[in-house]
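Structural features, examined
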Amino acid sequence: MHAFTGAYAQSQQPYILNGSATQRNCNCYVLTPDEQNLSGTIWNKNLIDLTQSFNYVFEINLGCKDGPGADGIGFILQTKGTNLGSTGQGLGFKGISPSLGVLVDTYQNAGENDPPWDHLSIQMNGVSDHLLPGGDLVAPVMLRDGNENIEDCAWHLFRIEWNAVTHTMKVSVDNQLRITMNKDLVADIFGGNPKVYWGFAGSTGGSSNVQQFCAALHPSFDFDGGQIFCDGTPVTFKDNSSSFGTITRWRWDFGDGTVLTTSSPQPHLYAEAGKYDVKLVIEDNSGCISDTLKNTVTIGSYPEVKFGPQPLCLGDPLQMADSTKVKVGTAAKWTWDFGGGQLAHTQNPVAPYTAPGNYPVHLKVETAEGCASAATQVVSVFPTPVVGGMFRNACIGEPNFFNGTNLTPWIDMAKWYWVIGEDTLRQRDVAYRFPAGGKYSAKVHAVSKDGCVAKPVSVQASVTDINLRAGRDTLIARGQPLQLNALADGEGLHYQWTPSTGLNDPYSNNPVAVLQKDQLYNLIVTSPEGCREEDQLLVKVYAGPEFYVPTGFTPNHDGVNDNFKVIAPGVPKLDFLRVWDRWGRLVFETSALSAVWDGTLKGDPAPAGTYVWMVQGMDYNGRLFNRKGTVTLIR
């Protein structure tokens with residue numbers, strides 16, 4: 001509901017409506033509904049005098065259909081009366097003479113020589129064709145710069161100003177000046193008669209749109225220049241409303257319970273900071289009441305200025321941090337004064353100091369509402385420490401030792417940190433045990449007693465894992481040379497075999513052994529870092545070359561004597577081992593010394609009984625060597 005009561009009286013209605021024109025509300029009219037072949041005109045029944053200047057403001061709405069929409073409307077001055085109009089492309093203006101029409105044309109009629117975009121023109125004497133003599137006073141222009149369509153469902157501000165002294169007419173759309181024309185309307189169009197009717201005409205033809213206008217009735221307010229909106233400061237509201245007629249009443253609601261009905265209210269003091277919905281309603285001399293204008297006015301509080309951090313540390317950007325609080329409003333401007341004429345205007349600048357010391361810093365903060373406060377505090381700048389790290393390599397199973405070093409001994413440290421893997425150790429000197437050999441990175445940093453953090457420094461320590469493998473236990477023939485091959489990880493390793501019996505070089509990783517009896521060797525390997533590992537190797541010695549073959553086996557999977565195999569000391573290469581059943585059928589064959597027969601035949605258990613075998617190979621002297629015999633499979 002409006003703040004004003006009562007409705008306009010029919011006697012106050014200043015317009016005469018013709019054709020399809022209807023009144024939508026007090027100050028708004030529909031010239032054509034969205035129907036074809038209609039014409040609507042609305043004329044003010046009171047003649048105006050063109051020897052007097054005027055400034056008419058309207059809102060126009062040309063519907064929502066672009067391509068299939070038509071045809072447009074015109075603001076018309078004429079002397080013929082108040083029952084004129086026409087349909088279609090003439091926009092209700094065609095044929096009216098003498099006349100002046102400010103035409104808003106939304107359809108391209110080839111017969112009228114229209115441009116392809118919605119356009120604005122000034123024409124005279126009912127001639128709507130742009131190329132006919134005596135038609136255009138001002139050639140067509142776009143209604144809005146760079147916008148070809150005004151049939152966009154929106155309302156657009158339409159202003160026509162006439163200066164009777166300079167004979168100048170200006171036409172604006174949405175506050176953009178689109179046409180300026182200099183012409184003596186009284187002498188050049190109306191034959192010396194200054195008294196004319198004015199009104200709007202609109203029409204549709206084969207295409208259509210809803211086409212309507214409103215006589216302007218806009219509540220609006222502004223503020224004095226330099227107005228601040230701060231707690232304790234009165235606010236001066238300036239009426240900036242516009243109306244086609246004369247504004248006769250105002251109703252202000254300041255949002256805090258205060259209501260006034262003057263055009264220029266006294267400066268208003270709000271009781272406290274906050275956001276207030278200010279409303280304004282106006283009424284004109286025709287009895288029309290505007291919609292309610294509602295704008296939120298923020299009365300801001302003064303900033304509580306604070307900043308930091310403490311301390312600032314040289315070596316890193318001296319980044320200031322504004323922590324000002326504003327209860328109501330928004331901080332918008334910052335002025336930092338670091339002394340010596342050094343200023344900054346960003347919220348979080350970098351301080352310009354290059355040496356340790358205590359510096360008074362002044363900060364002024366101003367809000368978007370114009371509320372300003374300031375504070376000064378002493379900022380301490382300290383040197384940043386520099387640290388290093390020392391380490392000691394370790395053998396597998398032993399801890400690595402790490403030591404933090406202060407490279408700026410004149411700066412006292414408060415805290416030390418080592419980051420090793422996923423662990424953080426809060427000590428200057430630490431011992432850490434790694435799970436495996438390899439190279440590992442660790443980082444050390446520290447914090448001074450002034451709170452300045454040293455940059456982390458990486459060190460790389462290693463863990464030595466020799467991973468010694470002396471070799472697999474083996475068997476050889478008496479006097480057969482055996483090549484030993486110990487394996488170990490690392491470089492510069494020292495080897496020692498004990499005892500040295502039968503070895504050609506007990507300090508090599510691959511000596512040759514010639515033995516007459518069984519021997520257990522112990523191998524010790526030492527790395528350049530002093531890491532030490534031991535392993536053993538058993539060598540069994542048989543008379544040979546010979547094949548040692550069992551006389552029976554029991555493949556019952558009890559882990560004892562489950563397989564038939566050949567032990568071949570002195571025979572490094574096997575030509576074959578073959579097994580036949582009693583009928584001469586081959587049941588097993590191999591050329592690998594390590595292969596065994598598990599007592600199966602084609603995947604099934606072979607029957608118990610006696611089987612014949614034969615084995616042949618090359619001894620270590622290169623001589624062919626073979627044996628044959630029988631074996632009993634027991635189940």
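Just so you know, these numbers come straight off a predicted model, no measurement behind them.

This part is about the overall build of the protein chain. When you go through the protein chain residue by residue, the secondary structure sums to 1 helix and 51 strands. The C-alpha atoms of the protein chain give 54 Å as radius of gyration, which overshoots the globular expectation for 635 residues (26 Å, by more than 25%). Overall, the C-alpha framework of the protein chain stretches about 150 × 80 × 45 Å when taken along its three principal axes. The burial tally for the protein chain puts 45% of its 635 residues in the buried class. For the protein chain, the exposed area adds up to about 31,000 Å²; of that, 49% sits on carbon and sulfur atoms. Each charge class in the protein chain can be summarised by its mean position, and for the 47 positive and 62 negative side chains these summaries are 11 Å apart.

Turning to the pattern of salt bridges, a few remarks are in order. A full pass over the atoms with the stated rule returns 15 salt bridges. When the shortest N-O distance is used, the salt bridge between Arg249 and Glu283 registers 2.7 Å. Of the two residues, Arg249 is situated in strand β20 (residues 247–253) and Glu283 in strand β22 (residues 274–284); the sequence distance between them amounts to 34 residues. Notably, a salt bridge pairs Lys573 with Asp575, separated by 3.4 Å at the nearest N-O pair. Overall, the relative accessible area of 25% leaves Asp575 in the partly exposed class. Counted as one network, the salt bridges with shared partners bring together Arg144, Asp152 and Asp174.

Once that is clear, we can look at the state of the cysteines. If you walk through the whole model with that rule in mind, you get 6 disulfides. Across the disulfide, Cys28 is cross-linked to Cys214 (sulfur-sulfur distance 2.0 Å). Between Cys28 and Cys214, the S-S dihedral sits near 115°, and the bridge is therefore right-handed. Remark: Cys214 occurs in strand β15 (residues 211–215) and Cys28 occurs in strand β3 (residues 28–32); sequence separation between them is 186 residues. In terms of burial, Cys28 and Cys214 fall into one category: buried.

This paragraph deals with the pairing of β15. When you tally the buried positions in β15, you get 5 out of 5 residues, the bulk of the element. The pairing of β3 with β15 spans 4 bridges and is classified as antiparallel. Along β15, the bridge assignment pairs Thr32 with Gln211. In this structure, strand β6 (residues 54–61) lies alongside β15, joined through 4 bridges in antiparallel fashion. Across the sheet, Asn61 pairs through a bridge with Gln212, a residue of β15.

Each neighbour pair has its own omega, and for Gly308 with Pro309 the value is -5°, a cis peptide bond. Structurally, Pro309 is set in the loop between β24 (307–308) and β25 (312–313). Between Thr498 and the following residue, Pro499, the backbone shows a cis peptide bond with an omega angle of -10°. For Pro499, the position within the fold is in the loop between β41 (494–498) and β42 (512–514). With a phi angle near 60°, Asn113 is a residue other than glycine that sits in the positive phi range. As for its position among the elements, Asn113 is in the loop between β8 (99–105) and β9 (119–124). Its identity as a non-glycine residue notwithstanding, Asn561 has a phi of 55°, on the positive side. Position of Asn561 among the secondary structure elements: in the loop between β45 (552–553) and β46 (573–580). According to the relative accessible area criterion, Asn561 is partly exposed, its value standing at 40%.

Turning next to the side chain of Glu369. Mapped onto the fold, Glu369 is located in the loop between β29 (357–367) and β30 (372–382). Lacking a salt bridge, the buried Glu369 has Lys275 as its closest oppositely charged neighbour, with an N-O distance of 7.3 Å. Within the structure, the side chain of Glu369 is placed 3.3 Å from the backbone nitrogen of Thr330, a separation counted as a polar contact. Not counting residues within four places of it along the chain, the set of residues in contact with Glu369 comprises Ile228, Phe229, Cys230, Thr298, Gly300, Gly329 and Thr330.

Definitions and limits used
Residues numbered from 1 in each chain as written. Predicted model: local features only at pLDDT ≥ 70, side-chain atom pairs only at ≥ 80, totals over all residues. Heavy atoms only, no water. Helix = DSSP H or I, 4+ residues; strand = E, 2+ residues; numbered from the N terminus. Rg over C-alpha atoms; globule rule 2.2 N^0.38 Å. Buried < 20%, exposed > 50% of the residue type's maximum accessible area, 1.4 Å probe, protein only. Areas by Shrake-Rupley, 256 points an atom, 1.4 Å probe, with all protein chains shown as cover. Lys, Arg positive; Asp, Glu negative; His and termini not counted. Charge placed at Lys NZ, Arg CZ, Asp CG, Glu CD. Salt bridge = Lys/Arg side-chain N within 4 Å of Asp/Glu carboxyl O. Disulfide = S-S within 2.5 Å. Pairing = 2+ DSSP bridges. Polar contact = N/O pair within 3.5 Å; in protein donor to acceptor, adjacent residues only side chain to side chain. Contact = heavy atoms within 4.5 Å.

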